[in-house]
Amino acid sequence: MKRVLHFANLSKQQPYWTRCQRCASTLVLAEHNNKELNPATLNAITAASQIGGDVTALLVGSNTKTVAEQLSKAKNLSKILIAEDAKLFEGFLPEALAPVILAAQSQFKFSHITAPATAIGKNVLPRVAALLDVAPISDIIKVKGEKEFVRTIYAGNAISSNKNLRLSGCVHSESHKLPCLSERRISGGTRCVVGSKNEMSVSERPELASAKVVVSGGRGLKSGENFELLYKLAVNIMISWICV
């Protein structure tokens, strides 16, 4: 099916830049382990849908078939872009992921790029933002519009509302990241980075990004010995705990 754009109905009294603000489109980096989709990706998709416009997911990995089927069931997605290579994307290194994101941005001209605020998202998107010459907005918890986002500061003790004054940029929330426009090429030699080892910690507790309940402890516990109370509580009710 061919898409035909009609501009005849656009109000002549409305400035061009105001109309363009309604043409938002967001790229979401889907995080996974080549077997299952990280639930934090769904948070990023929800945040992207609140920005407005089409939402596209980018799935990069060495074995994406099963994850693609899971991702296709997500709501608010317009399409899924898949890049698969058995060796190149092993370990999900930012040196391998960033060029794919830049290539997608160069072709489709997304107004926003988002990712879960996980180790991978926080590792990749600052690199992408630097290459696109935009300022990323990290750890957002609320979307107020195409340019305004809410994030926590001072270890969650304060809430900050941030506006992106540029037409595009990059954002990641408490489970994503924001806008991007122009691509800037960097001259110089190329460096090949290869992951040598990937270690995963195993725990009976759920991952922090997917936990429904989180109990945190800080100075109120007064001593390291008292943190045992926190650990026992987490074990008894099977939740994630975090020390601040």
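Source: prediction; values computed, not measured.

Student: Could you clarify how one ought to interpret the environment of Thr66 in this entry?
Tutor: Tracing the chain through its elements places Thr66 in helix α3 (residues 65-71). Considered as a pair, Thr66 and Glu36 are 30 residues apart in the sequence and their alpha carbons are 7.4 Å apart.

Student: Got a minute to help me understand helix α4 (residues 94-108) in this structure?
Tutor: Over its 15 residues, α4 extends 21 Å from the first C-alpha to the last, a length consistent with the 21 Å expected when each residue adds 1.5 Å. Within α4, the full set of buried residues consists of Pro94, Ala96, Leu97, Ala98, Val100, Ile101, Leu102, Ala104 and Gln105. In this fold, the buried residues of α4 make contact with β1 (25-30), β2 (54-61), β3 (79-84), β4 (112-116) and α5 (119-132). Positive backbone phi, at 55°, marks Lys109, one or two positions downstream of α4.

Student: How should I be thinking about the side chain of His112 in this particular structure?
Tutor: Assignment of secondary structure puts His112 in strand β4. Within the structure, His112 has its side chain in polar contact with the side chain of Ser111 (distance 2.8 Å).

Student: Would you explain the pairing of β1 in this entry?
Tutor: Across a regular strand the side chains alternate sides, sitting on one face of the sheet and then on the other. The buried fraction of β1 amounts to six of the six residues, a majority that puts the element mostly inside the structure. Alternating residues of β1 divide into Ser25, Leu27 and Leu29 and Thr26, Val28 and Ala30, and every residue in both groups is buried. With six bridges joining them, β1 and β2 adopt parallel strand pairing. In the sheet register, Leu29 faces β2, and the bridge partner there is Leu58. Taken together, β1, helix α2 (residues 40-51) and β2 constitute a β-α-β crossover, and its handedness is right-handed. As defined by bridge partners, β1 adjoins β4 across three bridges and the pair is classed as parallel. Paired with Thr26 across the bridge in β4 is His112.

Conventions and cut-offs
- Residues numbered from 1 in each chain as written.
- Predicted model: local features only at pLDDT ≥ 70, side-chain atom pairs only at ≥ 80, totals over all residues.
- Heavy atoms only, no water.
- Helix = DSSP H or I, 4+ residues; strand = E, 2+ residues; numbered from the N terminus.
- Expected span 1.5 Å × (residues − 1).
- Buried < 20%, exposed > 50% of the residue type's maximum accessible area, 1.4 Å probe, protein only.
- Contact = heavy atoms within 4.5 Å.
- Polar contact = N/O pair within 3.5 Å; in protein donor to acceptor, adjacent residues only side chain to side chain.
- Pairing = 2+ DSSP bridges.
- Right-handed = clockwise from strand over helix to strand, strands pointing away.

So, to be careful, I would describe these as geometric facts and stop short of saying anything about function.
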